[in-house]
Amino acid sequence: MPELPEIEVLVRHLRPLLRGKIIRGVDVRRAKVLSPTAPRKFRRVLTGAKFTGLSRRGKYLRFQLRSKNAASPVILLGHLGMTGRMFLARKNERRPKHAAVIFDLGGKNFIYEDTRYFGRLTLDATAIQKLGPEPLSDDFQPAQFHLALRPSRQAIKIKLLDQKLVAGIGNIYASEALFRARLSPKLAANRLTLAQVKRLWRAIRGVLAEAIAGGSTVPLNFGAGKASGLFYFGRAPAAPDFFEERLRVYDRAGRPCPACRRPIQRLVQAARSTFYCPHCQRA
Ligand SMILES: [Zn+2]
């Protein structure tokens, strides 16, 4: 499942490809992904609209458009869910079976595909109002982070997945950040000292910034060639194992800890896997 770094990489890839493009037609194949926006409204607002900007907030893609049918700029919010992909494809390419929405941009189509339809592409942007601070921005500070953890007795690993606490962290980077901060994933959130919170704050920023710089943790497949513009998430059959190269504990149960060589362990917390080193993460 894509997290903040993967979405950031996708946003940087799509931004120049979409800028200035006009939507000539909107084909909604799965109305569920637009919810709560009705397909009629979606088509009416977006047909003829021009892409003017694209940014990221947490794990959301925030498309900005200008539309003759709306006075103010239109915000289109995208979320890839578990299996969503967004990419541009030539008009003559076969349309993917699970395409949920297809925008006709003239020479190319901009496609949102989702095999499980857990993602979103909607004109309702209220979801981003509930998000916590962006972890790589100045809005995310150790003192406030410490205060925000105070009321919670939840295990810190589970708490880090709460998008209201800090936006964009998922299962992969929660495990990685806790390992780098040398904190046990089982530690109650309200038990962290300010010094521990500072370590965690630094670790979160470090793992996310590194992942963005590395391109993406989740292997990316550019299709037949980079020029095709095809870009999506999901492991390609021949893709190198990026997990091994970039991640220190995630999905590495039984393998040696990079710091102490003792085996990494897997733990289930709130029905999700956590990977950690019990020796290095004792605090
Ligand atoms: Zn260790």
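For the structure itself, consult the block above.
Overview of the structure. These numbers were taken from a predicted model, which means no experiment stands behind them.

About the cut-offs
Residues numbered from 1 in each chain as written. Predicted model: local features only at pLDDT ≥ 70, side-chain atom pairs only at ≥ 80, totals over all residues. Heavy atoms only, no water. Core = buried A, V, L, I, M, F, W, Y, C linked by side-chain atoms within 4.5 Å. Buried < 20%, exposed > 50% of the residue type's maximum accessible area, 1.4 Å probe, protein only. Pairing = 2+ DSSP bridges. Helix = DSSP H or I, 4+ residues; strand = E, 2+ residues; numbered from the N terminus. Axes fitted to C-alpha atoms, helices over the stretch in contact; angles between N-to-C directions. Contact = heavy atoms within 4.5 Å. Salt bridge = Lys/Arg side-chain N within 4 Å of Asp/Glu carboxyl O. 1 Å grid on protein atoms, 1.4 Å probe; cavity = no way out; pocket = protein on both sides within 12 Å on 5 of 7 lines; lining within 4 Å. Points joined across faces, edges and corners; volume = space filled by probe spheres on them. Nonpolar A, V, L, I, M, F, W, Y, C, P; charged D, E, K, R; others polar. Patch = residues over 30% accessible without salt bridge, like charges linked within 9 Å, V, L, I, M, F, W, Y side chains within 5 Å. Areas by Shrake-Rupley, 256 points an atom, 1.4 Å probe, with all protein chains shown as cover. Expected span 1.5 Å × (residues − 1).

Comments concerning the nonpolar core
Grouped together as the largest cluster of nonpolar side chains are 38 residues, with contacts concentrated most on Phe145, Leu149, Ile156, Leu160, Leu192, Leu200 and Ile204. Among the nonpolar cores identified, the runner-up in size contains 33 residues, and Val11, Leu46, Leu61 and Met86 belong to it.

Brief notes about the sheet that holds strand S4 (residues 74-79)
Reading across from one edge, S2-S3-S4-S8 is the order of the four strands in this open sheet, with antiparallel pairing throughout. Whereas interior strands pair on both sides, the edge strands pair on one side only; in this sheet they are strand S2 (50-57) and strand S8 (120-122). Pairs of neighbouring strands in the sheet enclose a mean axial angle of 20 degrees, with direction left out of account. Of the pairings in the sheet, the one linking S4 to S8 comprises three bridges and is antiparallel in character. Each bridged residue has a counterpart across the sheet, and for Gly78 the counterpart in S8 is Leu121. Each of S2 and strand S3 (60-66) touches helix H1 (residues 4-18); the most contacted strand, S2, lies at about 165 degrees to it. Contacts from helix H2 (residues 39-46) reach S3, S4 and S8, with the element oriented near 125 degrees to S4.

Observations concerning the pattern of salt bridges
For the structure on display, the rule yields 13 salt bridges. Where Glu93 meets Arg90, a salt bridge forms, and the shortest distance between an N and an O atom there is 3.7 Å. Owing to a relative accessible area of 26%, Glu93 belongs among the partly exposed residues under this scheme. Here Lys91 and Asp104 are joined by a salt bridge, their closest N and O atoms 3.0 Å apart.

Brief notes about the sheet that holds strand S7 (residues 108-114)
Spatial strand order, S1-S6-S7-S5: four strands in an open sheet with antiparallel pairing. Of all the strands in the sheet, just strand S1 (25-28) and strand S5 (84-90) have a single pairing partner and so form its edges. Going across the sheet, the axis of each strand differs from the next one's by a mean of 15 degrees, ignoring polarity. Looking at chain direction, S1 and strand S6 (residues 99-104) are connected through four bridges and run antiparallel. Among the inter-strand pairings, Val28 is bridged to a residue of S6, identified as Val101.

A closer look at empty space enclosed by the protein
Enumeration over the complete set of coordinates arrives at one cavity of 30 Å³ or more. Estimated volume of the largest cavity: approximately 30 Å³. Around the largest cavity, the lining residues are Arg15, Leu18, Arg19, Phe51, Thr52, Gly53 and Leu54. Of all the elements in the fold, those that place two or more residues in the lining of the largest cavity are H1 and S2. In the lining of the largest cavity, the residues fall into three nonpolar, two polar and two charged.

Section: a nonpolar patch on the surface
Taken together, the side chains of Met1, Met82 and Phe118 define a hydrophobic patch exposed on the protein surface, amounting to about 290 Å² of accessible area. Relative to the assigned elements, Met82 resides in the loop between S4 and S5.

A short note on H1
If you check H1, its first and last C-alpha atoms are 20 Å apart, about what 15 residues at 1.5 Å a residue would give, namely 21 Å. Buried residues dominate H1, accounting for eleven of its 15 residues. Inspection of H1 places Leu4, Pro5, Glu6, Ile7, Glu8, Val9, Leu10, Val11, His13, Leu14 and Leu18 among the buried residues, and these make up the whole buried set. Gly20 sits one or two positions beyond H1 and adopts a positive phi of about 85 degrees.

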